[in-house]
Amino acid sequence: MWRLKGEYFSKMVALNQMGREMFYKESVVLFKKAGNLPGKASFISPSPHTMLAPEKATAATHSLADQFQAKIDADIRIEPKDWMPDSYRKTLIRQISQHAHSEIVGMLPEGNWITRAPSLRRKQILLAKVQDEGGHGLYLYAAAETLGISRDEMIQELHSGKAKYSSIFNYPTLSWADMGSIGWLVDGAAILNQIPICRCSYGPYARAMVRVCKEESFHQRQGFEILLTLSKGSPEQREMLQESINRWYWPAVMMFGPSDDASPNSEQSMRWKIKRFSNDELRQRFVDMIAEQVKILGMTLPDPALRWNEERGHYDFGEINWEEFWEVVKGNGPCNRERLRTRVQAYDDGAWVREAAMAYAEKKAKRKLEGAEAVAKVA
């Protein structure tokens, strides 16, 4: 509750029953009268404790944080205009923007094979898939923008190397079989990561993920269908298939991030219900799923330690090469520099399209305004 004295307190109680936008606007008037007007940012992300005496500010902050966590615990979605801790906002910006970057950069390894697809049907399917990934990036950038960061800021952070994207896209696509392995393994891992996000505590992110997950599910089936076709082909095709699985399996296992004891953000993200399951839980589900599906292909996974553990009810699997994982994350993977260079060039080459779109939008808005003014004069 806003802490003001006398007539201002009574008025604020009444205002609290009104719509949020009206509440903020009329609050400005009251704060000016009280001689205690917070900065503009306080109305973008309300911080009532900024108006309290210093000795009471800490208690107010705790109260807001407790109310926020109570909403999370009750599975009530947090919306853009709701109060939220700065750390919650920053965590979401980091995760959602990284997710968006991954969708955009993820277009590059597959786009490399559009002109070399073995048939017109395969070319059409791959084109549609790459287009889907671009759309996913747009949904996610839009979701991140509701947290107060601009798209230009996010893109500049990606291009400067400050922002990260999924390390899996820093591996090369060397054969057509890789298009199947990416669909089956990479998109399969992505689905396990992303389906729980449909129940994320932040509303815009959760809603964006509903359509993303539906399309990713199709991508996984499309990838598996490519591999299934190859598995029934010539010895050379089967050899190409096995070689591709051997290269992509472990990077896909790494997609779930560091182990739980080495993941600094997981515990808090789970408390806030941004994440619903830990990295290691999701990784185990992935291995259990892939270990069964690979049998349909008649292929093997490159893990001699892989075996069913009856007591645990899960597959045991070998040690992950964490040194390789961190090297790729740090930008020293096989294709890190190439991916970033290609992405920056594509952005620069598209500048004229953005400029033309902005000019058209401004021209359209100007015409609409002139039309409205003409109608007003006649009236």
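Residues numbered from 1 in each chain as written. Predicted model: local features only at pLDDT ≥ 70, side-chain atom pairs only at ≥ 80, totals over all residues. Heavy atoms only, no water.

## Regarding the overall build of the chain
For step 1, the next point in the chain: Within the chain one finds 16 helices and 2 strands.
For step 2, the next point in the chain: Residues classed as buried in the chain amount to 47% of the 379 residues present. (Helix = DSSP H or I, 4+ residues; strand = E, 2+ residues; numbered from the N terminus. Buried < 20%, exposed > 50% of the residue type's maximum accessible area, 1.4 Å probe, protein only.)

## Regarding the nonpolar core
For step 1, the next point in the chain: Counting 81 residues, the largest nonpolar core has Tyr88, Ile96, Trp184, Tyr202, Tyr205 and Phe286 as its most contacted members.
For step 2, the next point in the chain: Non-local contacts of Phe286, meaning those with residues more than four positions away in its chain, are made with Leu185, Gly188, Ala189, Leu192, Ala252, Val253 and Phe256. (Core = buried A, V, L, I, M, F, W, Y, C linked by side-chain atoms within 4.5 Å. Contact = heavy atoms within 4.5 Å.)

## Remarks on the pattern of salt bridges
Opposite charge on two side chains permits them to pair, given that their charged atoms come into close proximity.
For step 1, the next point in the chain: By the definition in use, this model includes 17 salt bridges.
For step 2, the next point in the chain: Measuring nitrogen to oxygen at the nearest pair gives 2.9 Å for the salt bridge that ties Glu79 to Arg207. Here Glu79, found in the loop between α4 (54–73) and α5 (86–105), pairs with Arg207, found in helix α10 (residues 203–231); they are 128 residues apart in sequence, far enough to count as distant.
For step 3, the next point in the chain: The network of salt bridges with shared partners includes Asp75, Lys273 and Arg276. (Salt bridge = Lys/Arg side-chain N within 4 Å of Asp/Glu carboxyl O.)

## Here we look at helix α8 (residues 151–160)
For step 1, the next point in the chain: If you check which residues of α8 are buried, you get Met154, Ile155, Leu158 and His159. Within α8, the buried residues cover an arc of 130 degrees as seen down the axis, which keeps them to one side. Seen from the buried face of α8, the exposed residues on the opposite side, beyond 90 degrees, are Asp152 and Ser160.
For step 2, the next point in the chain: For α8, the elements touching its buried residues are α5, α7 (120–145) and α15 (336–349).
For step 3, the next point in the chain: The positive-phi residue at the C-terminal boundary of α8 is Gly161, with phi of around 90 degrees. (Arc of directions from axis to C-beta.)

## Observations regarding unusual backbone geometry
For step 1, the next point in the chain: In this structure, Asp75 is a non-glycine residue whose phi angle is positive, near 60 degrees.
For step 2, the next point in the chain: Secondary-structure assignment places Asp75 in the loop between α4 and α5.
For step 3, the next point in the chain: Its identity as a non-glycine residue notwithstanding, Lys273 has a phi of 60 degrees, on the positive side.
For step 4, the next point in the chain: Assignment of secondary structure puts Lys273 in the loop between α12 (266–271) and α13 (279–297).
For step 5, the next point in the chain: Lys273 sits in the buried class, given a relative accessible area of 17%.

## Concerning the packing of α8 against α15
For step 1, the next point in the chain: Contact pair α8 / α15: the axes reach a minimum separation of 10 Å and the direction vectors enclose 140 degrees. As judged from the angle between their axes, α8 and α15 are oblique. Listed contacts from α15 to Asp152, Ile155, Gln156, Leu158 and His159 of α8 are Leu340, Arg343, Val344 and Tyr347.
For step 2, the next point in the chain: Here the contact of α8 with α15 is composed, by residue class, of 5 nonpolar, 2 polar and 2 charged. (Axes fitted to C-alpha atoms, helices over the stretch in contact; angles between N-to-C directions. Parallel < 35°, antiparallel > 145°, perpendicular 65-115°, else oblique. Nonpolar A, V, L, I, M, F, W, Y, C, P; charged D, E, K, R; others polar.)

## Some points on the side chain of His101
For step 1, the next point in the chain: Mapped onto the elements of the fold, His101 is located in helix α5.
For step 2, the next point in the chain: With residues near it in sequence (within four places) discarded, His101 still touches Gly106, Tyr141, Met154, Ile155, Leu158, Ala163, Lys164 and Tyr165.

## Let's talk about the side chain of Asp303
For step 1, the next point in the chain: Its place among the elements puts Asp303 in the loop between α13 and β1 (307–309).
For step 2, the next point in the chain: At a separation of 2.8 Å, a polar atom in the side chain of Asp303 contacts the main-chain amide nitrogen of Gly318.
For step 3, the next point in the chain: Asp303 has contacts with Tyr249, Trp250, Phe317 and Gly318, leaving out every residue within four places of it along the chain. (Polar contact = N/O pair within 3.5 Å; in protein donor to acceptor, adjacent residues only side chain to side chain.)

## Concerning α15
For step 1, the next point in the chain: Spanning 14 residues, α15 covers 20 Å between terminal C-alpha atoms, matching the ideal 20 Å at 1.5 Å per step.
For step 2, the next point in the chain: Asn336, Arg339, Arg343 and Tyr347 are the residues of α15 that are buried. Looking straight down α15, one finds that the buried residues subtend no more than 75 degrees of arc, so they occupy a single side. For α15, the exposed residues set more than 90 degrees away from the buried face come down to Arg337 and Arg341.
For step 3, the next point in the chain: Check the buried side of α15 and you find it contacts α5, α6 (107–111), α8, α14 (322–332) and α16 (351–378). (Expected span 1.5 Å × (residues − 1).)

## What to know about the confidence of the model for the chain
For residues with low pLDDT, the predicted coordinates do not support detailed interpretation.
For step 1, the next point in the chain: This prediction gives the chain a mean pLDDT of 86; 84% of its residues lie at or above 70.
For step 2, the next point in the chain: Low pLDDT, under 50, characterises residues 1–52; the predicted model gives this stretch 63 contacts beyond four residues in sequence or across chains. (pLDDT = per-residue confidence, 0-100.)

## Topic: the packing of aromatic side chains
For step 1, the next point in the chain: Applying the stated criterion to the full structure yields 11 aromatic pairs.
For step 2, the next point in the chain: Where Tyr249 meets Trp250, the ring centres are 5.2 Å apart and the plane angle is 70 degrees; that geometry is what we call edge-to-face. Per residue, the accessibility class of Tyr249 equals that of Trp250, and both read buried.
For step 3, the next point in the chain: Ring plane angle 50 degrees and centroid distance 5.5 Å describe the contact between Phe256 and Phe286, whose orientation is recorded as tilted. Here Phe286 lies in helix α13 and Phe256 lies in the loop between α11 (235–254) and α12, a separation of 30 residues in the sequence. Taken as a pair, Phe256 and Phe286 share a single burial class, namely buried.
For step 4, the next point in the chain: An aromatic cluster of at least three residues, connected via ring pairs, comprises Phe68, Trp83, Tyr88 and Trp272.
For step 5, the next point in the chain: When the ring centre of Phe277 is taken as reference, the NZ or CZ atom of Arg285 above it lies at 4.1 Å.
For step 6, the next point in the chain: Of note, Arg354 hangs over the ring of Tyr347, and the distance from its end group to the ring centre comes to 3.7 Å. (Phe/Tyr/Trp six-rings, centres within 6.5 Å; stacked < 30°, edge-to-face > 60°. Lys NZ or Arg CZ within 6 Å of the ring centre and 35° of its normal.)

## So, the state of the cysteines
For step 1, the next point in the chain: Summed over all chains, the structure comprises 0 disulfides.
For step 2, the next point in the chain: Unpaired in this structure, Cys213 has its nearest cysteine sulfur neighbour in Cys198, at a distance of 3.8 Å.
For step 3, the next point in the chain: Looking at Cys213, the relative accessible area reads 9%, which means it is buried. (Disulfide = S-S within 2.5 Å.)

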